[in-house]
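Here is what each chain is made of, one letter per residue.
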Amino acid sequence: MPKYSSYTEFITAYKKEEISCEALVQYYLSKIEESKEYNIYIEVYAKEALARAKALDDEAKRGEIKGELFGAILSIKDNICYKGKGVTASSKILEGFNSTYTATAIQKLIDEGAIIIGRTNCDEFGMGSDNSHSVYGPVKNPIDPEYVPGGSSGGCAASVLADTCLASIGTDTGGSIRQPAAFCNLVGAKPSYGQISRYGIIAYASSFDQVGAISHEVSTVSKLIEVMSGPDTMDPTTVQHASIDRKSPSDRKVKIAYLDSTLSSEGIDPIIRDDFSKLLDTFKKDGHTVEAVSFEYTDLLVPTYYVLTTAEASSNLSRYDGVRYGHQSNDAASLEELYTQSRSEGFGIEVKRRIMLGTFVLSASYYDAYYTKAQKVRRMIKDRMLEIFQDYDYVVLPTSPVFPWKIGSHDQDPTASYLADIFTVLTNLFGGPSVSIPLFDESKRFRSSFQILSSPHLDYDLFAFAERVQNKILH
Ligand code: GLN
């Protein structure tokens, strides 16, 4: 059991003077020490976190418990800038690089009283599904260290599960928050595209990337997302009028769709399929309408996602040339060699694979065959999803088709990992929000998880419903 499983639980205890921020930072630091074997943290900000905790405790003594997140102790993924601190996206190419400014999302959390305790390991540049592609080595799943914690925000999920922080802030391009949350039996959510500023987030695929959060409870995750949300002049893709429409009063009966292909899709673990069917029954018993809808693009989700994200990545990562940031090769005889050597030495195998693929799909002779076609398919997927949301409030689907695998077992077969992204990439393709929640039996070692999706920019309505599902329907 975690010391505090939600922000509300913590702040209630704090107000009753059962705990101080300083004591809680001490507790989490001791947990970080205890959980070293999982390789979660790249850097721990012990001194600053303790000093900030003490300052907050002093404010509280003066009767000033201010801010939406007063005393919330958080870890952040190593691809989010925090001024004066190192940030590497778990890549050798950024070794020694320090942030010169703080990401808008993190600044907003700090402004509301949060304490950042450290930065966590992840897949290099967010590319991966099991946190094995990191220059710092793999993260181990605290449920069983022989297994992966999911990725790319595997360190974020493991940091929460190992009880080293209340919640963690990560990024989700195609599932990197929801899938590790699922692999660690936790809640993870990504908001709609444009809800949270990407200023200060190291880019992987800019038209997909979003910041999100992992914790034990929907209520905490949604609070963090709410604080981080809003327009930002530093990111023109942020939406100007994020809807905070909560049209979900506590017992409204809703219309839920699931995609007909979900239950028949190959490669889904039979236990996950059965749990998902049980979930549909549970919704029905609770009085909601649950119907299958046709969705003819299931087989195109993973290819479309990988064509477009690798194209964007190859462009985004071209800035790492050994001159402007981080690692620079020592044995280059010419400028051209300096670029190639620095990049060859600095990037890991998965990143190189994606740069190659992205460059290929963007090349003059193949652009139309792959990139343009994938953009068209993305539009068709989006149109179909918006059509479904005309008739239904939410769409539910499993988070991952499979349970966590053993560390190293996908090393020779990257497509096995890509295919496991089938259910998470959908929401990033059309830009909607999604919450992943673990299902039923808490005694199980690895639990099935499922996602609830809504139409873009109905995030708060979705979170309110998801909170109700977690607290009432699944308990
Ligand atoms: N597993 C997916 C990928 O490798 C998703 C990663 C992410 O969301 N950053 O691209």
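To keep things clear, this report deals only with the structure shown in the data block. (Residues numbered from 1 in each chain as written. Predicted model: local features only at pLDDT ≥ 70, side-chain atom pairs only at ≥ 80, totals over all residues. Heavy atoms only, no water.)

1. Comments concerning the site of the ligand
Then, in step 1: Taken together, 15 residues lie near the ligand, and Thr173, Gly174, Ser176, Tyr204 and Tyr305 sit nearest.
Then, in step 2: Taking glycine 174, its main chain carries an N or O atom lying 2.6 Å from an oxygen atom of the ligand.
Then, in step 3: Here glycine 175 contributes a backbone N or O atom positioned 3.3 Å from an oxygen atom of the ligand.
Then, in step 4: Along the lines of polarity and charge, the residues of the shell around the ligand split into 4 nonpolar, 8 polar and 3 charged. (Near = heavy atom within 4 Å. Polar contact = N/O pair within 3.5 Å; in protein donor to acceptor, adjacent residues only side chain to side chain. Nonpolar A, V, L, I, M, F, W, Y, C, P; charged D, E, K, R; others polar.)

2. Section: the side chain of arginine 178
Then, in step 1: Secondary-structure assignment places arginine 178 in helix H6 (residues 178-183).
Then, in step 2: For arginine 178, a relative accessible area of 0% gives the class buried.
Then, in step 3: Reaching out from arginine 178, the side chain makes a polar contact with the side chain of aspartate 172 at a distance of 2.9 Å.
Then, in step 4: In this structure, arginine 178 is in contact with Asp172, Gly188, Lys190, Thr399, Thr424, Thr427, Asn428, Ser434, Ser436 and Gln451, ignoring residues within four places of it in sequence. (Helix = DSSP H or I, 4+ residues; strand = E, 2+ residues; numbered from the N terminus. Buried < 20%, exposed > 50% of the residue type's maximum accessible area, 1.4 Å probe, protein only. Contact = heavy atoms within 4.5 Å.)

3. Regarding the packing of helix H10 (residues 298-316) against helix H12 (residues 349-362)
Then, in step 1: The N-to-C vectors of H10 and H12 enclose an angle of 100°; their axes lie 7 Å apart at closest approach. The orientation of H10 with respect to H12, classified from their angle, is roughly perpendicular. Residues Tyr306, Val307, Thr310, Ala311 and Ser314 of H10 touch H12, and the partners they reach there are Arg354, Ile355, Leu357, Gly358, Thr359, Val361 and Leu362.
Then, in step 2: In terms of residue class, the contact of H10 with H12 is built from 7 nonpolar, 4 polar and 1 charged. (Axes fitted to C-alpha atoms, helices over the stretch in contact; angles between N-to-C directions. Parallel < 35°, antiparallel > 145°, perpendicular 65-115°, else oblique.)

4. Description of the packing of helix H7 (residues 218-228) against helix H16 (residues 459-473)
The description of two helices packed together rests on the angle between their axes and the distance between the axes.
Then, in step 1: Look at H7 against H16: their axes get within 9 Å of each other, and the N-to-C directions meet at 165°. With respect to H16, the axis of H7 lies roughly antiparallel. You can see that H7 and H16 cross each other, and the crossing is left-handed. Contact residues: H7 offers Val218, Ser219, Ser222, Ile225 and Glu226, while H16 offers Tyr460, Phe463, Ala466, Glu467 and Gln470.
Then, in step 2: Looking at the contact of H7 with H16 residue by residue, the classes come out as 5 nonpolar, 3 polar and 2 charged. (Left-handed = near helix turned anticlockwise from the far one by under 90°.)

5. Quick look at helix H3 (residues 46-61)
Then, in step 1: Spanning 16 residues, H3 covers 22 Å between terminal C-alpha atoms, matching the ideal 22 Å at 1.5 Å per step.
Then, in step 2: Looking only at H3, the buried set comprises Ala49, Ala53, Leu56, Asp57 and Ala60. All buried residues of H3 project into a common sector of 100° when viewed along the axis, lining one side. Across from the buried face of H3, at angles greater than 90 degrees, the exposed residues are Lys47 and Lys61.
Then, in step 3: As for H3, its buried residues are in contact with helix H1 (7-15), helix H2 (21-34) and strand E3 (115-120).
Then, in step 4: Positive phi appears at glycine 63, one or two residues downstream of H3, with a value of about 80°. (Expected span 1.5 Å × (residues − 1). Arc of directions from axis to C-beta.)

6. Things to note about the sheet that holds strand E10 (residues 434-438)
Then, in step 1: On the basis of which strands lie adjacent, the open sheet formed by 11 strands has the order E1-E3-E2-E4-E6-E5-E10-E11-E9-E7-E8 and mixed pairing. Across the chains shown, the open sheet's two edge strands, defined by having one partner strand only, are strand E1 (41-44) and strand E8 (289-293). In this sheet, neighbouring strand axes are inclined to one another by 25° on average, regardless of whether the strands run parallel or antiparallel.
Then, in step 2: Across the sheet, H7 is in contact with strand E2 (73-77), strand E4 (167-172), strand E5 (187-190), strand E6 (210-215) and E10; its angle to E6 comes to roughly 150°. (Pairing = 2+ DSSP bridges.)

7. Description of H1
Then, in step 1: Taken together, the buried positions of H1 are occupied by Tyr7, Phe10, Ile11, Ala13 and Tyr14. Down the axis, H1 shows its buried residues gathered within 160° of arc, on one side only.
Then, in step 2: On its buried face, H1 sits against H2, H3 and H7.
Then, in step 3: Remark: glutamate 17 follows H1 within two positions and exhibits a positive phi of approximately 60°.

8. Quick look at the nonpolar core
Then, in step 1: Residues Ile106, Leu109, Ile117, Ile169, Phe283, Phe450 and Ile452 are the most contacted members of the largest nonpolar core, which totals 88 residues.
Then, in step 2: At 7 residues, H16 tops the list of elements feeding residues into this core.
Then, in step 3: One finds Val302, Tyr306, Tyr320 and Leu397 within the second-largest nonpolar core, a separate group that totals 53 residues. (Core = buried A, V, L, I, M, F, W, Y, C linked by side-chain atoms within 4.5 Å.)

9. Describing the pattern of salt bridges
Then, in step 1: Enumeration over the complete set of coordinates arrives at 23 salt bridges.
Then, in step 2: Where glutamate 146 meets lysine 406, a salt bridge forms, and the shortest distance between an N and an O atom there is 3.3 Å. Here glutamate 146, found in the loop between E3 and helix H5 (154-161), pairs with lysine 406, found in the loop between strand E9 (394-398) and helix H14 (414-419); they are 260 residues apart in sequence, far enough to count as distant.
Then, in step 3: Overall, glutamate 146 belongs to the partly exposed group, its relative accessible area being 47%.
Then, in step 4: When the shortest N-O distance is used, the salt bridge between arginine 198 and aspartate 235 registers 3.8 Å. Of the two residues, arginine 198 is situated in the loop between E5 and E6 and aspartate 235 in the loop between H7 and strand E7 (255-259); the sequence distance between them amounts to 37 residues.
Then, in step 5: The exposure class of arginine 198 is buried, given its relative accessible area of 16%.
Then, in step 6: Here aspartate 235 falls in the buried class, since its relative accessible area comes to 5%. (Salt bridge = Lys/Arg side-chain N within 4 Å of Asp/Glu carboxyl O.)

10. Here's the deal with the packing of aromatic side chains
Then, in step 1: Counted by the stated rule, this structure contains 28 aromatic pairs.
Then, in step 2: Relative to tyrosine 14, the ring of phenylalanine 10 has its centre 5.8 Å away and its plane inclined at 50°; by these criteria the two rings are tilted. With phenylalanine 10 and tyrosine 14 both in helix H1, this residue pair falls 4 residues apart, about one helical turn. In this pair, the class of phenylalanine 10 matches that of tyrosine 14, namely buried.
Then, in step 3: One aromatic cluster in this structure is built from Tyr4, Tyr7, Phe10, Tyr14 and Phe70.
Then, in step 4: If you follow lysine 85 out to its NZ or CZ, it ends over the ring of tyrosine 82, 5.9 Å from the centre. (Phe/Tyr/Trp six-rings, centres within 6.5 Å; stacked < 30°, edge-to-face > 60°. Lys NZ or Arg CZ within 6 Å of the ring centre and 35° of its normal.)

11. Regarding the pairing of E9
Then, in step 1: Within E9, 5 of the 5 residues are buried, leaving the element largely enclosed by the surrounding structure.
Then, in step 2: With 3 bridges joining them, E7 and E9 adopt parallel strand pairing. Counted as the bridge partner of alanine 257 is valine 395 from E9.
Then, in step 3: The pairing of E9 with strand E11 (residues 449-453) spans 4 bridges and is classified as antiparallel. By the bridge assignment for E11, valine 396 is matched with isoleucine 452.

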